[in-house]
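Here is what each chain is made of, one letter per residue.
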Amino acid sequence: MSYMFFTVGEGDPSKAGDVVAAAAPIMKEAGASYVRGSVTLTGEMTGKGVVTSIWESMDDYYAHRHLWMTDPGFMAVMEASGTVPLMTNVGQILDERGDCDGAYTVAVFQTATDHALEATQRVMDVVDATLVGNGVNGVRAVRGLAAGQATGTYLGIFYVDSLDAYANAIQGLYANADFQAAAASSGLTVVERSFSRKV
């Protein structure tokens with residue numbers, strides 16, 4: 001399984017894209033299969049920039065982190081944007097469906113009582129059939145491994161081009177009998193939701 005790293009920084013949100021553009025080539029050369037930048041739009045993290053990257057190994061991430069954190073060009077962009085790293089959280093990708101890209105992401109934090117991978121996949125089967133291609137481009141299921149207060153929780157990341165389309169589509173999901181059964185069986189409870197914009 002792959003791992004997602006979420007590095008949160010505080011700085012000028014209008015320059016968050018510059019930070020991602022400077023970091024992405026170094027991270028990808030070091031082994032990241034995916035790098036995405038976003039600015040959080042809701043909640044206590046509003047205005048914070050997030051660089052998300054996917055790695056096959058947590059050891060590889062930490063073995064190579066110094067490459068961008070000591071790169072003169074990257075550090076110059078960080079200084080120009082007034083960006084200060086605040087935290088890095090780590091999650092394990094359990095499943096993904098559709099095209100995991102879009103103008104916005106919706107992060108749904110959930111607790112569960114059934115931690116079997118099959119339980120997650122049952123929920124994702126219904127999400128895939130109901131939402132993907134119907135207001136949602138793609139979705140990832142991630143379990144928090146070392147993620148502060150989110151450790152041990154389950155994160156559903158929905159990639160969308162319209163928040164309105166997501167809001168309309170999610171109502172259909174919650175009314176779906178198959179989803180209700182899968183969610184009840186796994187003990188899923190939503191505890192927090194946030195919106196982010198891609199940069």
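Remember, it's a predicted structure, so these values are computed and weren't measured experimentally. (Residues numbered from 1 in each chain as written. Predicted model: local features only at pLDDT ≥ 70, side-chain atom pairs only at ≥ 80, totals over all residues. Heavy atoms only, no water.)

Observations regarding the pattern of salt bridges
Overall, the coordinates contain 8 salt bridges when judged by the stated rule. Arg97 serves as the salt-bridge partner of Asp128, at 3.3 Å between the closest nitrogen and oxygen. Of this pair, Asp128 sits in helix H4 (residues 117-130) while Arg97 sits in strand S4 (residues 84-98); the two residues are 31 residues apart in sequence, bridging distant segments of the chain. Note that Lys198 and Asp101 form a salt bridge whose closest N and O atoms lie 2.9 Å from each other. Separated by 97 residues along the polypeptide, Lys198 in strand S8 (residues 189-198) and Asp101 in the loop between S4 and strand S5 (104-111) bring together distant segments of the chain. (Salt bridge = Lys/Arg side-chain N within 4 Å of Asp/Glu carboxyl O. Helix = DSSP H or I, 4+ residues; strand = E, 2+ residues; numbered from the N terminus.)

With respect to the packing of aromatic side chains
Per the stated rule, a full pass over the model turns up 8 aromatic pairs. Summarising the aromatic geometry, the rings of Phe5 and Tyr62 are spaced 5.6 Å apart at their centres and angled 75° between planes, so their arrangement reads as edge-to-face. One end of the pair, Phe5, is in strand S1 (residues 3-10); the other, Tyr62, is in helix H2 (residues 58-69), with 57 residues separating them in the sequence. Taking the relative accessible area as the measure of exposure, Phe5 reaches 0% and is therefore buried. Classification of Tyr62 as partly exposed rests on a relative accessible area of 48%. Relative to Tyr166, the ring of Phe158 lies with its centre 5.5 Å away and its plane at 55°, an arrangement referred to as tilted. (Phe/Tyr/Trp six-rings, centres within 6.5 Å; stacked < 30°, edge-to-face > 60°. Buried < 20%, exposed > 50% of the residue type's maximum accessible area, 1.4 Å probe, protein only.)

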